[in-house]
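Chain and residue survey
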Amino acid sequence: MSKAKNPSGGKDNFTRNLVIAVVVGVALIMLVPTLLSKQTDTSAAIPASVSAEDGYGIVFNKELTDAPFIEIYEDFQCPACARFESIAGEYIEELITTKKAKVAFHTLSFLGGESQIAANAAACSADEGKFLQLHKTLMANQPSENSGAWTSSYFSTLGLGLGISSPEYDKCVGDNKYMGWVKNVAEEGAKRNINSTPTVLINGKEIDRSRAYASLGDFMLAVEKA
Amino acid sequence: MKNKHLALQPWLGLIARLILGGVLFAAGYLKIDKPDISQMAVRSYEMLPISIANFLGLVLPPLEIALGALLILGALTRVAATLGGFTMFIFIIAIAQAWARGLNIDCGCFGGGGAVAAEDTRYLQEILRDLGLVFLAAYLVRYPVTKFSIDKKPRKMNEISEINGDME
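Notes on the structure follow. Given the structure is predicted, the values throughout are model-derived calculations rather than measurements.

**Some details on the interface of chain A and chain B**
- Listed per partner, the contact involves 26 residues of chain A and 30 residues of chain B.
- Contributions of two or more residues to the side of chain A that touches chain B are made by helix H2 (13-37) and helix H8 (179-191) of chain A.
- Residue contributions to the side of chain A that touches chain B peak at twelve residues, all from H2 of chain A.
- A per-class count over the side of chain A that touches chain B returns eleven nonpolar, eleven polar and four charged.

Spelled out as structure tokens, the structure:
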């Protein structure tokens, strides 16, 4: 209309509106699937040792009711988690084997890609009764973040090294069988306001952030007192 | 002085658009593939109920990308600048309250976020940066006609003045 009268006058609204529509459309395409995937998927496959009511954690000594309940929120790729494992891991393992505590491991995946692959593999190993061994091995040999080291074939080989020989484990690792569960764990952690890894709770209360993560003595004391 | 600004204004507007838009776009882009961290960053401000904080953590990155892209392209400049400036204003409030309450967190502006050691907090720098961005946004709201934008340009000089509110 007036554009015809004034050919030098500006760009037409069509281009502009198209650009706006594309930008808004792309933003929605990025947003909507994320929003949907952040719903807890109650139909996702979960390992036998996982308890949905304990925030989808992998639980040891679930039957103990009057023992301290230790909840560990961690990411297999987080260096501070590896540090905590090297300090307190053996003691926690002992608490589990001597049935002195109920322990739940929440394998979060803040760091993305390979954290999810590792968490899935950890769940697969839990079905073979090798979670603690795999957990220890991964933390002790933590590669740098998302460096491409942790693939499903890496975890197949690692399984052999830990004495897992079942074809189900390989299939579980290869098919990312528990990826839905991995997302549920992350979602539960978000709902429970877990804002850093590692986060360790004893009977629902976080241990002293300034001391108990860095010293085995302080951590043991916190468990004894519970 | 006034005339000088009139001549420079579309160029200043372009710079403002590119800086504000670039920062918004980068901030969103660096967070978009790490939704768990983005949610955590919002939660650690301890301002909102957890469920709303988690929702906001998912919405912010694509929103920042969209506003950034609109500003960089110069589409819907005034609206995008208003929203972008408003977002920065909210960030300033959020950071200031975290500072005042003695929380030790990273702002999570460009990914990351959550608890950090007390000596690693950067509240003042973060607030000053966001203040600068609010100022750029305000400038664009006041003078939305800029160089190289795909917003429809007014056809005559006096229309520019009209939109830019320079009528004497």
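**Section: the pairing of strand S3 (residues 69-75) of chain A**
All names here are of chain A.
- The element S3 is largely enclosed, with a buried count of seven among its seven residues.
- Residues Phe 69, Glu 71, Tyr 73 and Asp 75 line one face of S3 and the alternating positions Ile 70, Ile 72 and Glu 74 line the opposite face, and both faces are buried.
- The pairing of S3 with strand S4 (residues 102-108) spans seven bridges and is classified as parallel. If you follow Tyr 73 over to S4, its bridge partner there is His 106.
- Once you follow S3 into helix H3 (residues 79-97) and on to S4, the crossover reads as right-handed.
- Alignment of S3 against strand S5 (residues 199-202), held across four bridges, turns out to be antiparallel. Its bridge partner lying in S5, Glu 71 is registered against Leu 201.

**A look at the nonpolar core**
- Core analysis: the biggest nonpolar cluster contains 100 residues, and Leu 20 and Leu 70 of chain B have the highest contact counts within it.
- Split by domain, this core shows at least three residues from each of two domains, domain 1 (2-36) and domain 2 (50-225) of chain A.

**What to know about the packing of H2 of chain A against helix H3 (residues 50-73) of chain B**
- Running from amino to carboxyl end, H2 of chain A crosses H3 of chain B at an angle of 165°, the nearest separation of the two axes being 9 Å. One element, H2 of chain A, and the other, H3 of chain B, form an angle in the roughly antiparallel class. You can see that H2 of chain A and H3 of chain B cross each other, and the crossing is right-handed. Mapping the contact onto sequence places Val 19, Ile 20, Val 23, Val 24, Ala 27, Met 30, Leu 31, Thr 34 and Leu 35 of chain A in H2 of chain A and Leu 58, Val 59, Pro 62, Leu 63, Ile 65, Ala 66, Ala 69, Leu 70 and Leu 73 of chain B in H3 of chain B.

Basis of the calculations
Residues numbered from 1 in each chain as written. Chains lettered and ligands numbered in written order. Predicted model: local features only at pLDDT ≥ 70, side-chain atom pairs only at ≥ 80, totals over all residues. Contact = placed C-beta atoms within 7 Å. Helix = DSSP H or I, 4+ residues; strand = E, 2+ residues; numbered from the N terminus. Nonpolar A, V, L, I, M, F, W, Y, C, P; charged D, E, K, R; others polar. Buried ≥ 20, exposed ≤ 12 C-beta atoms within 10 Å, placed from the backbone. Pairing = 2+ DSSP bridges. Right-handed = clockwise from strand over helix to strand, strands pointing away. Core = buried A, V, L, I, M, F, W, Y, C linked by C-beta atoms within 7 Å. Domains from an automatic or database assignment. Axes fitted to C-alpha atoms, helices over the stretch in contact; angles between N-to-C directions. Parallel < 35°, antiparallel > 145°, perpendicular 65-115°, else oblique. Left-handed = near helix turned anticlockwise from the far one by under 90°.

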